[in-house]
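Below, each chain spelled out in residue letters.
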Amino acid sequence: MHPIFASIAIAGPETILTLGSLAALMLGSFTPRHRALAVTSLFAVAIMAVAGFSLLDAPAGRSIAFDGLYVADDFSAFLKLLILAAAAASVLLALPWLQESGPDGVAAGRFEYPVLLLLAALGMAMMVSANDLLTLYVGLELAALPSYVLAAFSRRDDRSAEAGLKYFVLGALASGILLYGVTLIYGFAGSTQLDVIAGLVSVQSERSLGLLFGIVFILAGLAFKVSAVPFHMWTPDVYEGAPTPVAAFFSAAPKAAALGLMARVLLAFPGAVAADWQQIILFIAIASMVLGAVAAVAQSNLKRLLAYSSIANIGFALVGLAPGTAAGISALLFYITVYVAMTLGSFLVVLQLRRPDGATVEAMADLAGLSKTQPRLAAALAIFMFSLAGIPPLLGFWPKFAVFQAAIASGLIGLAIIGFIASVVAAFYYLRLIKIMYFDEPAVPLASEGSPVNGAMIAACALFCSPIGMLALSPLAVATAKAAASLFPA
Amino acid sequence: MAAFAFYLFAGLLLTSGLMVITAKNPVHSVLWLILAFFNAAGLFILLGAEFLAMLLVIVYVGAVAVLFLFVVMMLDIDFRALQRGALQNLPLGLAVSGVILAEVLLVASGWTAGQGVIVHEALAGPPPGMSNTQWIGSQLYTRYFFVFSMSGLILLAAMVGAIVLTHRRRVGIKKQSIAAQNARTPAATLGVGKAGLGQGVEL
């Protein structure tokens with residue numbers, strides 16, 4: 001058998017997603033228009049499910065494919081499952097919104113939405129399996145390009161078009177910076193393959209300035225993708241302008257993929273260089289936590305609030321990356337998993353609520369008295385907010401605990417203290433939202449959009465974030481520890 | 001001879017680059033830009049990278065520059081009005097670029113090339129009897145097959161995105177329906193009638 005077939009077998013999920021996205025495009029084009037969106041969406045979810053099951057069946061251990069361009073290990077498998085689940089949820093949650101919007105009911109409900117999400121999921125799967133800077137770049141672009149289009153998806157809306165353009169221009173700039181870093185690293189290390197670079201760097205005695213510059217540039221590009229401070233400026237504007245289902249997608253799967261990629265790239269620079277990149281991670285973690293907490297206090301728009309919340313959460317997740325230890329990476333993975341459930345749940349509730357004129361809810365003041373008009377949705381949102389704030393019995397507390405524990409174990413006590421203060425500040429605006437929902441007089445009678453699928457997803461996320469979710473703690477701990485261990489070959 | 005060719009191409013490249021930004025007429029700017037591309041291609045040939053040279057000519061001159069020309073000629077932009085404010089900001093721009101130039105010179109004077117390079121040996125070139133282009137092609141389709149094919153998917157995503165953002169379904173336009181055309185029979189469209197003297201034909 002030709003080695004290319006063995007490689008294709010190792011990259012099973014990517015192969016399934018590639019063929020699936022092409023098939024979904026054909027399916028959408030040749031299905032009658034009024035059914036195309038629903039059929040393509042369900043097909044896309046099925047493809048993602050098949051790709052996910054192929055991961056469960058994958059052989060254990062680390063396998064390299066395509067001459068070292070691609071690696072499949074427990075780390076990539078864990079993140080791919082998370083990415084595929086988040087992307088599939090993003091396809092499903094958009095369905096009611098896509099079907100109802102547009103003047104004739106079909107105009108905005110175009111089947112390209114699930115196809116673009118499939119392509120983005122493929123790019124993200126490539127990112128977490130990158131063993132080469134080339135794979136990293138191509139995967140990043142494949143994930144980013146559909147995102148730009150999705151941000152501008154309701155093109156009749158000026159804000160959506162503006163969000164798409166803003167995201168595109170800044171994203172292209174970030175990609176350029178990242179690519180410049182890649183060329184610097186290639187020039188100084190003579191290879192783009194991460195494990196080769198790791199081998200070279202670990203035996204190197206003197207510090208290489210050019211290599212360091214390359215790492216700084218790559219980190220700047222990746223920090224843009226995870227919207228970490230100081231590369232976060234686009235996030236609130238894009239979240240606010242983009243359609244709500246798209247903002248929900250942006251806040252979940254791409255963050256998981258980019259954080260995973262960041263961990264994989266940085267761990268390819270061990271030894272003396274590690275102390276250098278650790279400073280950068282420390283800075284962006286602290287800056288993201290503090291700015292995300294402080295800037296969110298002044299927000300009155302729900303989507304902007306959730307954008308700042310995602311910036312702050314990325315900061316907390318990066319606390320797990322800063323020590324560069326297996327325990328830290330394991331805490332990082334745990335944090336992303338819980339964060340994805342919390343953020344998707346919050347966006348689902350926002351998406352489910354409708355003003356009397358049929359528009360989606362954007363202003364925080366609209367939520368006043370939600371506990372009386374929509375008690376179940378209010379309860380779910382309260383669970384997500386308490387969980388995001390990290391109030392102990394809820395699941396959101398445990399990943400914060402885990403990342404701080406990992407930081408303290410590596411002697412980063414200052415980082416943990418600043419993170420603790422930031423999380424107290426952040427608790428203010430999460431609790432303010434709960435106060436608006438439970439103790440203010442109802443202003444606008446909000447209706448529920450009433451989609452049973454989205455309702456079930458809200459219930460599942462709320463159950464996971466509630467104290468019942470603690471049942472999932474020990475299996476999650478086993479899975480994240482196994483995934484993190486695969487990044488540290490003995 | 002090679003040195004002469006280098007200085008010729010490099011000098012022309014710099015001159016035409018300068019002309020791109022100083023030319024009054026935007027169409028002239030684009031034409032200068034095309035000249036700059038050709039000179040850059042000449043430099044690539046001097047380096048022995050004939051494939052890159054051809055790529056530069058085909059992609060940049062053949063596609064990008066022609067697109068620029070079209071845009072410049074089609075759009076009704078008053079470039080005079082755009083340039084009017086430029087002189088006011090000139091002192092500030094010169095000051096900033098002066099600072100940056102000083103910084104670059106300062107850093108460059110203390111720089112020894114090749115410091116910190118981990119791997120010094122050059123990459124293996126093409127095997128004997130194989131041209132550059134052939135070597136790039138064979139690497140692209142074997143070792144880098146994965147990223148090459150995924151780049152194709154990026155282009156697909158870009159294409160789908162362009163259609164999503166710009167295509168709209170217009171109503172009230174007449175389209176060819178090949179099936180309906182083929183299904184027509186003479187009986188449905190042809191008729192034989194008698195035209196009497198001095199009268200028209202009843203249809």
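Residues numbered from 1 in each chain as written. Chains lettered and ligands numbered in written order. Predicted model: local features only at pLDDT ≥ 70, side-chain atom pairs only at ≥ 80, totals over all residues.

A. Inspection of the environment of A:Leu351 at higher detail. Residue and element names in this part refer to chain A. Secondary-structure assignment places Leu351 in helix α14 (residues 326–352). Classification of Leu351 by C-beta neighbours within 10 Å gives buried; the count is 23. Each C-alpha atom of the pair Leu351 and Ser448 lies 9.1 Å from the other, and the pair is 97 residues apart in sequence. Beyond its immediate stretch of four places on either side in the chain, Leu351 contacts Leu93, Trp97, Thr244, Pro245, Ala248, Thr360 and Asn454. (Helix = DSSP H or I, 4+ residues; strand = E, 2+ residues; numbered from the N terminus. Buried ≥ 20, exposed ≤ 12 C-beta atoms within 10 Å, placed from the backbone. Contact = placed C-beta atoms within 7 Å.)

B. Structural detail: the interface of chain B and chain A. The partner chain A presents 33 residues to the 19 residues of chain B that form the contact. Residues belonging to the side of chain B that touches chain A are distributed by class as follows: 14 nonpolar, four polar and one charged. (Nonpolar A, V, L, I, M, F, W, Y, C, P; charged D, E, K, R; others polar.)

C. View of unusual backbone geometry. All names here are of chain A. That bond from Val229 to Pro230 is cis: its omega, 5 degrees, falls within 30 degrees of zero. In this fold, Pro230 is placed in the loop between α9 (209–225) and α10 (234–241). For Phe66, which is not a glycine, the phi torsion comes out positive at approximately 50 degrees. Structurally, the position occupied by Phe66 is in the loop between β1 (63–65) and β2 (70–72). Positioned with a positive phi, Asp67 is a non-glycine residue whose angle comes to about 55 degrees. With respect to the helices and strands, Asp67 occurs in the loop between β1 and β2. Residue classification places Asp67 among the partly exposed residues on the basis of 17 C-beta atoms within 10 Å.

D. Quick peek at the nonpolar core. By size, the foremost hydrophobic cluster in this structure holds 209 residues, and its most contacted members are A:Ile83 and A:Ala121. Among the elements that take part in this core, helix α4 (residues 74–100) of chain A stands out by supplying 19 residues, more than any other. Within the second largest apolar cluster, eight residues are counted, among which are B:Val30, B:Ile34, B:Ala36 and B:Ala41. (Core = buried A, V, L, I, M, F, W, Y, C linked by C-beta atoms within 7 Å.)

E. Representation of the domain arrangement of chain A in the model. All names here are of chain A. If you check the domain split of chain A, you get domain 1 (1–268) and domain 2 (271–490). Once you take the C-alpha centre of each, domain 1 and domain 2 turn out to be 21 Å apart. Taken together, the contact pairs 45 residues of domain 1 with 49 residues of domain 2. For the side of domain 1 that touches domain 2, the element with the highest residue contribution is helix α11 (residues 244–266), accounting for 13 residues. Considering only residue class, the side of domain 1 that touches domain 2 consists of 32 nonpolar, six polar and seven charged. (Domains from an automatic or database assignment.)

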